[in-house]
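For reference, the chains in residue letters:
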Amino acid sequence: MTKDRAASLLFLLTGIYGFFFSIQLPMGRWNEPGPGVFPIILSILLLVSGVSWFILGRRKAGGENREKKAGWRDIVNNLSTPLKIVGITALFILVFNRVGYLAASSLYLFILLFWVSRYRIIVSFVLAVSIGIGSWYFFERILAVQLPKGLLFL
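Keep in mind that this is a model prediction, so the values were computed, not measured.

J.: Any details on helix α1 (residues 3–22)? Residues and values, ideally.
T.: With 20 residues, α1 extends 28 Å between its outermost C-alpha atoms, agreeing within 8% with the 28 Å of an ideal straight helix rising 1.5 Å per residue. Buried residues belonging to α1 abut α2 (37–55).

J.: Could you give an account of the environment of Val-99, with specific residues and numbers?
T.: Positionally, Val-99 belongs in helix α4 (residues 80–99). The class for Val-99 is partly exposed, based on a relative accessible area of 28%. Residues Val-99 and Pro-148, spaced 49 residues apart in sequence, show a C-alpha to C-alpha distance of 8.0 Å. Val-99 has contacts with Ala-104, Lys-149, Gly-150 and Leu-151, leaving out every residue within four places of it along the chain.

J.: Summarise the packing of aromatic side chains; cite the residues concerned and give the values.
T.: Applying the stated criterion to the full structure yields 8 aromatic pairs. Centre to centre, the rings of Phe-96 and Tyr-101 are 6.0 Å apart; their planes meet at 90°, and the pair counts as edge-to-face. Each member of the pair Phe-96 and Tyr-101 is classed as buried. With a centroid separation of 5.4 Å and an interplanar angle of 75°, the aromatic rings of Phe-138 and Phe-139 are classed as edge-to-face. In this structure, Lys-84 is placed above the aromatic ring of Trp-115, and the distance from its NZ or CZ to the ring centre is 5.0 Å.

J.: Run through the nonpolar core, naming residues and quoting values.
T.: In this structure, Ile-88, Phe-92, Phe-96, Tyr-101, Ala-104, Tyr-108, Leu-112, Val-116, Trp-136 and Leu-147 together form the largest nonpolar core, which totals 10 residues. A per-element tally of this core places helix α5 (residues 101–116) first, with 5 residues. For Phe-92, the residues in contact, after removing those within four places along its chain, are Ala-104, Ser-105 and Tyr-108.

J.: Break down the side chain of Glu-140 for me, citing the residues and quoting the values.
T.: Looking at the element boundaries, Glu-140 is found in helix α6 (residues 121–142). Judged by its relative accessible area of 15%, Glu-140 falls in the buried class. With sequence-adjacent residues up to four places away left out, Glu-140 is seen in contact with Val-145, Gln-146, Leu-147 and Lys-149.

J.: Tell me about the packing of α5 against α6, residues and numbers included.
T.: It is at 8 Å that the axes of α5 and α6 come closest, and there the two elements cross at 145°. Judged by the sense of rotation from one axis to the other, the crossing of α5 with α6 is right-handed. Each of Tyr-101, Leu-102, Ser-105, Ser-106, Leu-109, Phe-110, Leu-113 and Phe-114 in α5 lies in contact with α6, whose residues at this interface are Ile-121, Ser-124, Phe-125, Leu-127, Ala-128, Val-129, Ile-131, Gly-132, Ile-133, Ser-135, Trp-136 and Phe-139. Split into classes, the residues belonging to the contact of α5 with α6 amount to 15 nonpolar, 5 polar and no charged.

J.: Kindly report on the confidence of the model for the protein chain, identifying the contributing residues and their values.
T.: Scored by pLDDT, the protein chain has a mean of 85; 88% of the residues are at 70 or more. Below a pLDDT of 50 lies the segment residues 60–65, which in the model reaches 2 contacts outside its immediate sequence neighbourhood of four places, other chains included.

J.: Any details on a nonpolar patch on the surface? Residues and values, ideally.
T.: Taken together, the side chains of Phe-114, Trp-115, Ile-121, Ile-122, Phe-125 and Val-126 make up a nonpolar region of the molecular surface, amounting to roughly 600 Å² of accessible area. Residue assignment for the nonpolar patch shows that the elements contributing at least two residues are α5 and α6. By secondary structure assignment, the location of Phe-114 is in helix α5. The class for Phe-114 is partly exposed, based on a relative accessible area of 37%.

J.: For the packing of α1 against α2, give the residues involved together with the corresponding values.
T.: One way to put it is that α1 packs onto α2 with a least axis distance of 7 Å and a crossing angle of 155°. Here α1 is positioned roughly antiparallel relative to α2, judged by the angle of their axes. The crossing of α1 and α2 is left-handed. Split into classes, the residues belonging to the contact of α1 with α2 amount to 14 nonpolar, 8 polar and 2 charged.

Criteria and cut-off values
Residues numbered from 1 in each chain as written. Predicted model: local features only at pLDDT ≥ 70, side-chain atom pairs only at ≥ 80, totals over all residues. Heavy atoms only, no water. Helix = DSSP H or I, 4+ residues; strand = E, 2+ residues; numbered from the N terminus. Expected span 1.5 Å × (residues − 1). Contact = heavy atoms within 4.5 Å. Buried < 20%, exposed > 50% of the residue type's maximum accessible area, 1.4 Å probe, protein only. Phe/Tyr/Trp six-rings, centres within 6.5 Å; stacked < 30°, edge-to-face > 60°. Lys NZ or Arg CZ within 6 Å of the ring centre and 35° of its normal. Core = buried A, V, L, I, M, F, W, Y, C linked by side-chain atoms within 4.5 Å. Axes fitted to C-alpha atoms, helices over the stretch in contact; angles between N-to-C directions. Left-handed = near helix turned anticlockwise from the far one by under 90°. Nonpolar A, V, L, I, M, F, W, Y, C, P; charged D, E, K, R; others polar. pLDDT = per-residue confidence, 0-100. Patch = residues over 30% accessible without salt bridge, like charges linked within 9 Å, V, L, I, M, F, W, Y side chains within 5 Å. Areas by Shrake-Rupley, 256 points an atom, 1.4 Å probe, with all protein chains shown as cover. Salt bridge = Lys/Arg side-chain N within 4 Å of Asp/Glu carboxyl O. Parallel < 35°, antiparallel > 145°, perpendicular 65-115°, else oblique.

Below you can see the structure in the form of structure tokens.
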């Protein structure tokens, strides 16, 4: 199995999973879409891209341009980054309400940028704080979405 085929199967399985759970949500009307519209559209896009990527995957001609087949050992070795992201995201979800949006999102972004993406520490810090503050300002002040305050704003 090539890496493209494995990735297309991941898209396909994610699309099936999302489609199964999104059809259980209310769809609403055409002029007032419900909460199930976005997940079902996203899952359909994942399904279509997964199927098309699997079937119509680009095959490179020639011996040296051919894609190396990925074995199970290669697939397991390539899972370290996604597992880091899943672990950091799970931690973010657990501390989100306790710590608050601003601190949790800034810390989340800092860990992603520094540990996963391997940015330098000062670049990670500046980007995480500026994106955290910018997104907080956008959601809290402009869109008036009530975000968890956390320990900083008691």
